[in-house]
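# Coordinate analysis (summary)
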Amino acid sequence: MEDVRISLTVNGHPHTHDVEPRLLLVEYLREILGLTGTKVACDTSSCGSCTVQVEGESVKSCTMLAAQADGADITTIEGLAAAGTYHPVQAAFHEHHALQCGFCTAGMVMAVVSLLEANPNPSEHDVRHGLEGNLCRCTGYHNIVEAVLAAAESR
Amino acid sequence: MIPAPFEYVRVDSVDAALTALVEHGDDAKLLAGGQSLLPLMKLRLATPEVLVDVGRLRELSYVRDGGNHVAIGALTRHRDLELDELVASECPALAAVTAEVGDRQVRHRGTLGGAVAHGDPASDLPAAIVALDAELVVDGPRGRRVVVAADFFAGFLETALEPDELLTEIRVPKTGRAGFGYEKFHRRAQDWAVVAALAARDAGGAIRVALVNMGGTPIRAHAVEAALADGASLHDAAALAADGTDPPGDLEASPDFRAHLARVLVRRALEAA
């Protein structure tokens, strides 16, 4: 099958590659660009670990082809804040101990940033409903919700 | 998990999409938001030879006032429907059901036309358009035709669409502030419904009821509707919710449990409507 040429921006940097049509966006980010902060867990679009932002909106990158991202502006966890600094959502996760094993965290943070863009003053219900696409198998939801509310407060 | 190899064709107009479908015939599958199709392809339950990506047809992403109905372009994303003011005021049941589809990330990519054309009886929106008596505009090499929602779903993941046709618009009758209730039972917040029920009044006040995952297609609960029309109480009418259905049995629920859920969920949906 013929490769597809894609040109896209990831964390502010332009990239152009010829990719197999069946290459998933998450594999493009991890295997070709080496951005392994984005995780693959369930690989069935259930868990949200692979959440990145496409044009500022949260998307499960295991359920999108790299070819579909041609021309898009993508942000991964690596692009959220300058090296050595935290995005306010990352700072709130740190402050409120909103992670245990940490495997879901990158996807969780990317989903939260997108959620707060759309709804800067969420209720606890809004946060829980807004994050239903992200699973934490340590079941550390309580502190995650606390962190999101604190991050919203601090904005 | 990686899909089987396929050829990728991106089109930038409805005409180009139809040309590609004619060219590739049965080997081709349309890709809209991909939130149902890509998971199936990753599991190799779907192995199309050619994927025709219609995801960028901006001309099919719109919500317009059609007089007695709201006309929705097939490639309008769930998220855009959730936020649309015309849908909120004229088709509030559709807005509410759309907000229950999958999760936020899925709603950022998934489209109404994609969900409807996929024809999954366990999915929210096919049942919603059946309950709301929507009309579906289908374009193809033989011209345009309009199919009523009740005739659109032919079987499990099977619709009235021919391989060379494209669903372009969904026309949802306006209901204004008429009452509705959507009750969805699922194991986890983002899951498909084990069973769900939508009860929605039309602009004249008559109630229609549709069931999710109670058979091979989204179905109307005709026995419930008939009982209500004959003056039965909501409670008595809801007791008929599983009549004439053929619910599947799987790891999540037996057919008997699904029938029980249908009766309970229909009663709650009727109470809300």
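Residues numbered from 1 in each chain as written. Chains lettered and ligands numbered in written order. Predicted model: local features only at pLDDT ≥ 70, side-chain atom pairs only at ≥ 80, totals over all residues.

### Remarks on the domain arrangement of chain A
All names here are of chain A.
- Each assigned domain of chain A is listed here: domain 1 (4-79) and domain 2 (88-154).
- Inter-centroid distance (C-alpha atoms) of domain 1 to domain 2 is 21 Å.
- Listed by partner, the interface residues are 16 residues for domain 1 and 12 residues for domain 2.
- When contributions to the side of domain 1 that touches domain 2 are tallied by element, the ones reaching two or more residues are strand S3 (51-54) and strand S4 (57-60).
- Among the elements that take part in the side of domain 1 that touches domain 2, S3 stands out by supplying 3 residues, more than any other.
- Each residue belonging to the side of domain 1 that touches domain 2 can be placed in one class, and the counts come to 5 nonpolar, 9 polar and 2 charged. (Domains from an automatic or database assignment. Contact = placed C-beta atoms within 7 Å. Helix = DSSP H or I, 4+ residues; strand = E, 2+ residues; numbered from the N terminus. Nonpolar A, V, L, I, M, F, W, Y, C, P; charged D, E, K, R; others polar.)

### Points about the pairing of strand S6 (residues 135-140) of chain B
All names here are of chain B.
- Note that S6 and strand S7 (residues 143-148) share 6 bridges and pair antiparallel. Counterpart to Val 138 in the pairing with S7 is Arg 145.
- Between the end of S6 and the start of S7, which pair antiparallel, lie 2 residues. (Pairing = 2+ DSSP bridges.)

### What about the domain arrangement of chain B?
All names here are of chain B.
- In terms of domains, chain B is made up of domain 1 (7-53), domain 2 (58-173) and domain 3 (180-272).
- Contacts between domain 1 and domain 2 engage 13 residues on the former and 21 residues on the latter.
- Each residue belonging to the side of domain 1 that touches domain 2 can be placed in one class, and the counts come to 7 nonpolar, 5 polar and 1 charged.

### What about helix H1 (residues 25-32) of chain A?
All names here are of chain A.
- Residues of H1 that are buried: Leu 25, Val 26, Tyr 28 and Leu 29. Within H1, the buried residues cover an arc of 165° as seen down the axis, which keeps them to one side.
- Those residues of H1 that are buried are in contact with strand S1 (4-10), strand S2 (13-19) and S3.
- Looking one or two residues beyond H1, the residue adopting positive phi is Gly 34, at roughly 75°. (Buried ≥ 20, exposed ≤ 12 C-beta atoms within 10 Å, placed from the backbone. Arc of directions from axis to C-beta.)

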